[in-house]
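# Structural features, examined
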Amino acid sequence: MTAPVKIAVAGALGRMGRAIAAAAEADPALAVAARFDRPGAAGDGLVGASEALAACDVVIDFTTPAASVDLAGAAAEAGVALVVGTTGLSEDDIARIDANARRIPIVRTGNFSLGINLLVGLVEQAARALAAEAYDIEVFEAHHRHKVDAPSGTALMLGAAAARGRGVSLESVERRARDGITGERPVGEIGFSVLRGGGIVGEHSVTFAAEDEILTLSHSGRDRSLFARGAVAAARWAAGRPPGLYDMRDVLGLRGG
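Please read these numbers as outputs of a predicted model, since none were measured by experiment.

Parameters and conventions
Residues numbered from 1 in each chain as written. Predicted model: local features only at pLDDT ≥ 70, side-chain atom pairs only at ≥ 80, totals over all residues. Heavy atoms only, no water. Pairing = 2+ DSSP bridges. Helix = DSSP H or I, 4+ residues; strand = E, 2+ residues; numbered from the N terminus. Contact = heavy atoms within 4.5 Å. Axes fitted to C-alpha atoms, helices over the stretch in contact; angles between N-to-C directions. Core = buried A, V, L, I, M, F, W, Y, C linked by side-chain atoms within 4.5 Å. Buried < 20%, exposed > 50% of the residue type's maximum accessible area, 1.4 Å probe, protein only. Phe/Tyr/Trp six-rings, centres within 6.5 Å; stacked < 30°, edge-to-face > 60°. Salt bridge = Lys/Arg side-chain N within 4 Å of Asp/Glu carboxyl O.

### So, the sheet that holds strand S9 (residues 202-209)
Read from one edge of the open sheet, five strands run S7-S8-S6-S9-S10, paired in mixed fashion. What marks the edges here is a single partner per strand, and that holds for strand S7 (174-175) and strand S10 (214-221). Along the sheet face, helix H6 (residues 153-165) touches strand S6 (136-143), strand S8 (190-196) and S9 and points at about 165 degrees away from the line of S8.

### A short note on the nonpolar core
Of all hydrophobic cores here, the largest spans 31 residues; its most connected members are Ile-7, Ile-20, Ile-60, Val-83, Val-107 and Phe-112. Taken together, the elements giving at least two residues each to this core come down to strand S1 (5-9), helix H1 (15-25), strand S3 (58-61), strand S4 (81-84), helix H8 (225-238) and helix H9 (248-251). Top element by residues in this core is H8. It accounts for eight residues. Discounting chain neighbours no more than four positions away, the residues touching Ile-7 are Leu-30, Ala-31, Val-32, Ala-33, Ala-34, Cys-56, Val-58, Ile-60 and Ala-235. Counting 24 residues, the second-largest nonpolar core is a separate cluster that includes Leu-158, Ala-161, Ala-162 and Val-173.

### Here's the deal with the packing of aromatic side chains
The full count for this structure, using the stated rule, is two aromatic pairs. An angle of 80 degrees between the planes, with centres 5.0 Å apart, marks the rings of Trp-237 and Tyr-246 as edge-to-face.

### Thoughts on the environment of Leu-82
Mapping Leu-82 onto the fold places it in strand S4. You can call Leu-82 buried: its relative accessible area is 0%. Between the alpha carbons of Leu-82 and Val-59 there is a distance of 5.1 Å; along the sequence they are 23 residues apart. Apart from residues no more than four positions distant in its own chain, Leu-82 is found in contact with Val-58, Val-59, Asp-61, Leu-71, Ala-72, Ile-104, Pro-105, Ile-106 and Val-107.

### Re the environment of Asp-136
In this fold, Asp-136 is placed in strand S6. Excluding residues within four positions of it along the chain, Asp-136 makes contact with Arg-185, Thr-207, Phe-208 and Ala-209.

### Some points on the pattern of salt bridges
A complete count under the given rule lists 18 salt bridges for this structure. For Arg-175, the salt bridge identified is with Glu-189, shortest N-O distance 3.3 Å. On the criterion of sequence distance, the pair formed by Arg-175 in strand S7 and Glu-189 in the loop between S7 and S8 is long-range, its members being 14 residues apart. With its nearest N and O atoms 3.4 Å apart, the salt bridge here joins Glu-203 to Arg-222. Of the two residues, Glu-203 is situated in strand S9 and Arg-222 in the loop between S10 and H8; the sequence distance between them amounts to 19 residues. For Glu-203, a relative accessible area of 23% translates into the label partly exposed.

Structure representation (structure tokens):
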């Protein structure tokens, strides 16, 4: 019988940390070897980051940008695979995390949902087929009141997919906010709209609006365990992989499909 993959959970006291631990404990192919949180955090069974890395094969991280950057370096030093779901990462944060993929396998994505990753592919296809001169693109996302970054990492994934479909960079066409007299919408602009409130788990949609029709592709997350299960699947997949930077398209076998 194959030994279970040993998992460490970063940010174990947070909502996602608790959901990930529960999902991993329910998977017979995995064992939760350690749980840790920010330095000085107290809780039953918590250990320090160094002890956690020494005990595991893969560490799953849904924390903060600064903590994720530090953990990526520590995981590379320890030779431990890393799954990163932290959002709000700057371009510099991403570069510093991804640099460690030369030494360890890293699965990094803005969303671990199967449905979202399929939606990303559909959005790219639609953007390729629907001309910018005729169809305006707007990405909408809604999350709970506790979320600290906007637009969400998933919304940015969807915007980037739309931009790829049109052969442009998202940075060259995005509009993240509108206020006051903004003028006529430029051709090819990709807009973002954000809602924060209550306990919304995650709502994302991409609208292609023309003069005579509107196409909307959408996804609704109903329970945080959806994302935890995806992260756990990514950890199971990453164990024993060669160093490299991966995402959920690799995990789900969708790369190039």
